[in-house]
Amino acid sequence: MKIALLGYGKMGKIIEKIATDRKHEIVLKIDYDNLDELNAENLQKADVAIEFTTPSSVLNNIKVCFDAGVPIVVGTTGWHAELQQIKQQCEETNNSLLYATNFSVGVNIFFHVNRVLAKLMNNYPYYEVQVEEIHHTQKLDSPSGTGITIAEGIIDNLDAKKEWVNVVVTDDNSNDDNIKADQLLIESHRVDSVPGTHTVIYDSEVDTIEFKHTAHNRNGFALGAVLAAEWLKDNKGFHSVEDMFNFGI
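Scoring rules and cut-offs
Residues numbered from 1 in each chain as written. Predicted model: local features only at pLDDT ≥ 70, side-chain atom pairs only at ≥ 80, totals over all residues. Heavy atoms only, no water. Helix = DSSP H or I, 4+ residues; strand = E, 2+ residues; numbered from the N terminus. Polar contact = N/O pair within 3.5 Å; in protein donor to acceptor, adjacent residues only side chain to side chain. Contact = heavy atoms within 4.5 Å. Expected span 1.5 Å × (residues − 1). Buried < 20%, exposed > 50% of the residue type's maximum accessible area, 1.4 Å probe, protein only. Pairing = 2+ DSSP bridges. Axes fitted to C-alpha atoms, helices over the stretch in contact; angles between N-to-C directions. Core = buried A, V, L, I, M, F, W, Y, C linked by side-chain atoms within 4.5 Å. Parallel < 35°, antiparallel > 145°, perpendicular 65-115°, else oblique. Left-handed = near helix turned anticlockwise from the far one by under 90°. Nonpolar A, V, L, I, M, F, W, Y, C, P; charged D, E, K, R; others polar. Salt bridge = Lys/Arg side-chain N within 4 Å of Asp/Glu carboxyl O. Disulfide = S-S within 2.5 Å.

**Student:** Mind showing me how you'd approach the side chain of histidine 24 here?
**Tutor:** When you line up the elements, histidine 24 lands in the loop between helix H1 (10–21) and strand S2 (25–30). Of the polar contacts made by the side chain of histidine 24, one reaches the side chain of glutamate 230; its length is 2.7 Å. With residues near it in sequence (within four places) discarded, histidine 24 still touches Met1, Ile3, Ala19, Val226 and Glu230.

Right under this line is the structure:
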């Protein structure tokens, strides 16, 4: 395939290497220093675009791809509130978009098992659940998109929880005393050089169950994004990463 990279930071460079190793060609690379090159003419040289930028840039990048009729894989998080609006635009304009809060194969297995576990825990109401996430200090959004996906998987399957609440833990603030019984706490920590660790904790008076995913580097995210681009090329419409993985359980 011919791929356009929208965002050429750490993730963009890893995606480039994995894509070229898989015999794809990078025909456009957009970063802060060449934003003027992001236009329909340049995009139409590509079969698909992969977007990893910032919450302030992502919506415009999606719009430009829609205008050019180029399928786009979006890995940027922090724009969850606009997701339904973009889905509607995608379908109305007959475009293709695949969005994921996390493209890692391991994380998506984690998402699936998390939903199954939450449904099972309806039978054991004496366990209290919370989500803990640890990310590098450059992470712009809190909670992370991955943390939100984990929380939504629990809320959709565990009757006791109706909404999530985020607390960013710092040296000056670790107070979660105001969390209501039907709220799911997402506790966010920011630590230097941590690609991402997510833990679901079910705690009771007699024991604690912890379900954890730890990323060692960004390579798993990048490979998943390239796999998504390969899949999206032949699949019209708005898709989540679950459509691609299709665990079938």
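**Student:** Which parts of the structure should I look at to understand helix H5 (residues 105–120)?
**Tutor:** Quick reminder: α-helices carry 3.6 residues per turn. Residues three or four places apart thus point the same way. For H5, with 16 residues, the first-to-last C-alpha span of 23 Å sits near the 22 Å given by 1.5 Å per residue. Regarding H5, the residues found buried are Val107, Asn108, Phe110, Phe111, His112, Asn114, Leu117 and Ala118. Considering only its buried residues, H5 is in contact with helix H6 (145–155), strand S9 (197–203), strand S10 (208–214) and helix H8 (241–245). Where H5 begins, the side chain of serine 104 points an oxygen toward the backbone nitrogen of glycine 106, at a separation of 3.2 Å.

**Student:** Any chance you could explain the sheet that holds strand S5 (residues 96–99) here in plain terms?
**Tutor:** Either a parallel or an antiparallel arrangement is found when strands of a sheet pair, and the pairing is made through backbone hydrogen bonds. The 6 strands lie next to each other as S2-S1-S3-S4-S5-S11, forming an open sheet whose pairing is parallel. Both edges of this open sheet fall to S2 and strand S11 (237–240), since each of them pairs with a single strand only. On average, adjacent strands in this sheet sit at an angle of 20° to one another, irrespective of strand direction. For strand S4 (residues 72–74) and S5, the ladder comprises 3 bridges, and the chain directions are parallel. Note on S5: the bridge partner recorded for isoleucine 72 is leucine 97. Along the sheet, helix H3 (residues 58–68) makes contact with strand S1 (2–6), strand S3 (48–51), S4 and S5, crossing S4 at roughly 165°. Along the sheet, helix H4 (residues 83–92) contacts S5 and S11; its crossing angle with S11, the most-contacted strand, is approximately 140°.

**Student:** How should unusual backbone geometry be read in this particular structure?
**Tutor:** Comment: phi is negative for the bulk of residues other than glycine, and the bulk of peptide bonds are trans. Despite not being glycine, lysine 23 shows a phi value in the positive range, around 75°. Note on placement: lysine 23 falls in the loop between H1 and S2. At asparagine 94, a residue that is not glycine, the phi angle is positive and equals roughly 60°. Tracing the chain through its elements places asparagine 94 in the loop between H4 and S5.

**Student:** Whenever I open this one, the nonpolar core confuses me. Can you help?
**Tutor:** Buried together is how nonpolar side chains tend to be arranged in soluble globular proteins. Within the largest apolar cluster, 26 residues are counted, with the highest numbers of intra-cluster contacts made by Ile15, Ile50, Val73 and Phe103. Taken together, the elements giving at least two residues each to this core come down to S1, H1, S3, helix H7 (219–232) and H8. Among the elements that make up this core, the one with the highest residue count is H7 (7 residues). Those residues within four positions of isoleucine 15 in sequence are excluded, and the remaining contacts are Leu5, Ile50, Phe52, Ala222, Ala225 and Val226. One finds Ile30, Cys65, Phe66 and Ile72 within the second-largest nonpolar core, a separate group that totals 24 residues.

**Student:** Would you mind going over the packing of H5 against H6 with me for this structure?
**Tutor:** Axis angle and axis distance: for two packed helices, these are the angle between their axes and the distance between the axes, and together they describe the pair. Across the interface, H5 lies against H6 with an axial gap of 8 Å and an inter-helix angle of 25°. Accordingly, the angle class assigned to the pair H5 and H6 is roughly parallel. Between H5 and H6 lies a crossing of right-handed hand. Within the contact between the two elements, H5 uses Val107, Phe110, Phe111, Asn114, Arg115 and Ala118 and H6 uses Thr146, Thr149, Ile150, Gly153 and Ile154. In terms of residue class, the contact of H5 with H6 is made up of 6 nonpolar, 4 polar and 1 charged.

**Student:** What is the right way to look at the pattern of salt bridges in this model?
**Tutor:** Oppositely charged side chains may form a pair once their charged atoms are brought near each other. A complete count under the given rule lists 8 salt bridges for this structure. The salt bridge partner of glutamate 133 is arginine 190, with a shortest N-O separation of 3.0 Å. Here glutamate 133 is found in strand S6 (residues 128–135), whereas its partner arginine 190 is found in strand S8 (residues 183–190), with 57 residues between them in sequence. Classification of glutamate 133 by relative accessible area gives buried; the value is 0%. Accessibility expressed as a relative area gives 23% for arginine 190, which makes it partly exposed.

**Student:** In this structure, what is going on with the state of the cysteines? I would like to understand it.
**Tutor:** Here a disulfide denotes one covalent bond, and it connects the sulfur atoms of two cysteines. Summed over the entire model, instances satisfying the criterion amount to 0 disulfides. Unpaired in terms of disulfides, cysteine 65 finds its nearest cysteine sulfur in cysteine 90, a separation of 11 Å. For cysteine 65, a relative accessible area of 0% puts it in the buried group. Using a relative accessible area of 0% as the deciding quantity, one classes cysteine 90 as buried.

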